[in-house]
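Commentary on secondary and tertiary structure
Listed below, chain by chain, are the residues.
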Amino acid sequence: MGMISRVRGRIRSDSFSKIHNNKSEDKLANIVWLISLVLVLPYWAPRGLLVALGGAWLMAAYTCLVLPVLISANYRYPARWYPAVAKLVRRLARRLRAPTACLLGVLKTAYAPVDRAERLFLQMNNLSTMVSQLLIFTACDRLLVLQGRLTCLYSLMFYNVVTYSVNYVKEICTKEDWSPYVNVTRHSRVKHLAMSATKIVLEWTKAVTFIVTMTFILLTLGLEQGLEYFRPNTLYTLITGTFYLLSEKTFLELWPLALSALKLESLEGMEVLYCGVWSRAITTMIAVPLVPALVWHERFRLALLILYICVIVHGRHRLGEELLKLNEAQGSLARFRRATAEEISTLEDVCAVCLGTMKSARVTPCAHFFHADCLRKCLASSDRCPICVREYVFC
């Protein structure tokens, strides 16, 4: 009996200590939760208490110091009601799954006409690009330029003149037929007088327009006449210039050529796809921080327009399409392994598609080597090896 009573006493003492420890941990968890609530209060103050006291840098430093501590403390000492709340949320999510799916279907059906209008707007490439540029330039004008409210229009005009000049120089550099005459047919030597006269007039008009435009711009910038409202600063020029260079069609066609000149083997000949994704991502990233900045300065309509057109429409459609193209290209090549440096050095052969030397290659299951870009183009038309015409069979 004495042994039994001693065992019962130990069990009671152990259970009492466990209950005491659980209560102390619950108290500590509640204290951590209350302290976390107090430390989060500066974010709820009007316009941000820390921003009002020390600016955005103080808010960023406070976030970097406090947020990791809050997360680790609440993870180490979770309140007892956390699992109950999580269980209740999961139960509500299961019950609301069917109504939510129905509601999403209704919203998707209602949004379909708006989606078609957005796609129609983006199909008018020049108009949609000009609207987005004008919105970004206007936002930078309101936020960064203290004097001179027409800086956005002057800047856009100047950038368009630069684009026109680049287009004309590009046309001259890539022009093959310098003859001022037009033949009746391709293989005939008989000249078509009317078409020849039209061609001569058009070429001279382009040249004269280019010369007059450049002269006018140089005189305007040199004499500074009519530029009393043009007051750009360095940050304004950097943001607007970057956005324009990454959104204008002329420069979007030149960036892949410049990237191809670097001959980066890691891109595997997909410079056009990578440039499309990078340019759309950077322009969207430029537009995103402008929205809260405009809201801060109470420019609500301009902030709403930039959020919808430059972030949602352009980001969702154009950036989404470029990402889809890149993922499809990478997915088509993912089945084929990369050739090692030893295999390429011992191969001493050229790509059978483009007849170019191979510094990097992809290997087919039938042990043939191709450039990644050449193989991707072949896969677009056929799922057979270009050399042995066998179907690809992967183990």
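Refer to the preceding data block for the structure.
Please read all numbers here as calculations on a predicted model, not as lab measurements.

1. Regarding the overall build of the protein chain
A count of helical and extended segments in the protein chain gives 13 helices and three strands. Across the 395 residues of the protein chain, 28% fall into the buried class.

2. Comments concerning a nonpolar patch on the surface
On the surface, Tyr111, Val114, Leu304, Leu307, Tyr308 and Ile312 cluster together into a nonpolar patch covering about 480 Å² of accessible area. Residue assignment for the nonpolar patch shows that the elements contributing at least two residues are helix 4 (81–123) and helix 11 (300–334). Counting residues per element, the nonpolar patch draws most heavily on helix 11, which supplies four residues. By secondary structure assignment, the location of Val114 is in helix 4. In this structure Val114 comes out as partly exposed when scored by relative accessible area, which is 33%.

3. Here we look at a positive patch on the surface
Taken together, Arg90, Arg91, Arg94 and Arg95 make up a surface patch of like positive charges. Here Arg94 is to be found in helix 4.

4. Comments concerning the nonpolar core
Grouped together as the largest cluster of nonpolar side chains are 25 residues, with contacts concentrated most on Met270, Ala339, Phe369, Leu375 and Tyr392. Sorting the residues of this core by element identifies helix 10 (271–296), helix 11, strand 3 (369–370) and helix 13 (372–381) as the ones contributing at least two each. The residues that make up this core include at least three from each of domain 2 (126–337) and domain 3 (339–381). Apart from residues lying up to four places away in sequence, Met270 is in contact with Ala329, Gln330, Leu333 and Arg376. Judged by nonpolar contacts, the second largest core, of 24 residues, contains Val145, Ile286, Leu302 and Ala303.

5. Things to note about the packing of aromatic side chains
In total, this model carries five aromatic pairs according to the counting rule given. Ring centres of Phe137 and Tyr159 lie 5.7 Å apart, and the angle between their planes is 85°; this geometry places the pair in the edge-to-face category. With Phe137 in helix 5 (residues 125–144) and Tyr159 in helix 6 (residues 151–174), this residue pair connects regions lying 22 residues apart in the sequence. Here Phe137 matches Tyr159 in class, with each residue buried. Through successive ring pairs, a cluster of aromatic residues spans Phe137, Phe158, Tyr159, Tyr244 and Phe251.

6. Comments concerning unusual backbone geometry
The phi torsion at Glu298 lies on the positive side, around 60°, for a residue other than glycine. Within the element layout of this structure, Glu298 appears in the loop between helix 10 and helix 11. Note on Glu298: relative accessible area 53%, which makes it exposed. The backbone of Ala367 shows a phi angle near 65°, a positive value even though the residue is not glycine. Positionally, Ala367 belongs in the loop between strand 2 (362–363) and strand 3. Residue Ala367 is classed as exposed on the basis of its relative accessible area, which comes to 51%.

7. Remarks on empty space enclosed by the protein
Inspection of the entire model under this criterion finds one cavity of 30 Å³ or more. Taken as a whole, the largest cavity encloses approximately 110 Å³ of empty space. What lines the largest cavity is simply Thr129, Ser132, Phe243, Ser247, Arg280, Thr283, Thr284, Cys310, His314 and Arg318. Looking at the lining of the largest cavity, the elements that each hand over two or more residues are helix 5, helix 10 and helix 11.

8. Remarks on the pattern of salt bridges
Note that side chains of opposite charge can pair when their charged atoms are close. All chains considered together, the criterion is met by nine salt bridges. One salt bridge in this structure joins Glu118 and Arg316, with 2.6 Å as the shortest N-O distance. Placement of Glu118 in helix 4 and of Arg316 in helix 11 is noted, with a sequence separation of 198 residues between them. On the accessibility criterion, Arg316 (38% relative accessible area) is partly exposed. Across the salt bridge formed by Glu391 and Arg384, the nearest N and O atoms sit 3.3 Å from each other. The class for Glu391 is exposed, based on a relative accessible area of 53%.

9. So, the state of the cysteines
The full count for this structure, using the stated rule, is zero disulfides. For the unlinked cysteine Cys374, the closest cysteine sulfur is that of Cys354, found at 3.6 Å.

10. Re the layout of surface pockets
Sizing a probe to match a water molecule and rolling it over the atoms shows the empty space that remains. Taken as a whole, the largest pocket encloses approximately 390 Å³ of empty space. Lining of the largest pocket is provided by 17 residues; of these, Glu265, Glu268, Gly269, Glu271 and His371 occupy positions nearest its centre. It is helix 13 that provides the largest number of residues to the lining of the largest pocket, a total of four residues. Of the residues in the lining of the largest pocket, the class split is five nonpolar, five polar and seven charged. Lining the lining of the largest pocket are residues from two domains, each supplying at least three of them: domain 2 (126–337) and domain 3 (339–381).

11. Examining helix 13
Residues of helix 13 that are buried: Ala372, Asp373, Cys374, Leu375, Cys378 and Leu379. Check the buried side of helix 13 and you find it contacts helix 11, strand 2 and strand 3.

Cut-offs applied
Residues numbered from 1 in each chain as written. Predicted model: local features only at pLDDT ≥ 70, side-chain atom pairs only at ≥ 80, totals over all residues. Heavy atoms only, no water. Helix = DSSP H or I, 4+ residues; strand = E, 2+ residues; numbered from the N terminus. Buried < 20%, exposed > 50% of the residue type's maximum accessible area, 1.4 Å probe, protein only. Patch = residues over 30% accessible without salt bridge, like charges linked within 9 Å, V, L, I, M, F, W, Y side chains within 5 Å. Areas by Shrake-Rupley, 256 points an atom, 1.4 Å probe, with all protein chains shown as cover. Salt bridge = Lys/Arg side-chain N within 4 Å of Asp/Glu carboxyl O. Lys, Arg positive; Asp, Glu negative; His and termini not counted. Charge placed at Lys NZ, Arg CZ, Asp CG, Glu CD. Core = buried A, V, L, I, M, F, W, Y, C linked by side-chain atoms within 4.5 Å. Domains from an automatic or database assignment. Contact = heavy atoms within 4.5 Å. Phe/Tyr/Trp six-rings, centres within 6.5 Å; stacked < 30°, edge-to-face > 60°. 1 Å grid on protein atoms, 1.4 Å probe; cavity = no way out; pocket = protein on both sides within 12 Å on 5 of 7 lines; lining within 4 Å. Points joined across faces, edges and corners; volume = space filled by probe spheres on them. Disulfide = S-S within 2.5 Å. Nonpolar A, V, L, I, M, F, W, Y, C, P; charged D, E, K, R; others polar.

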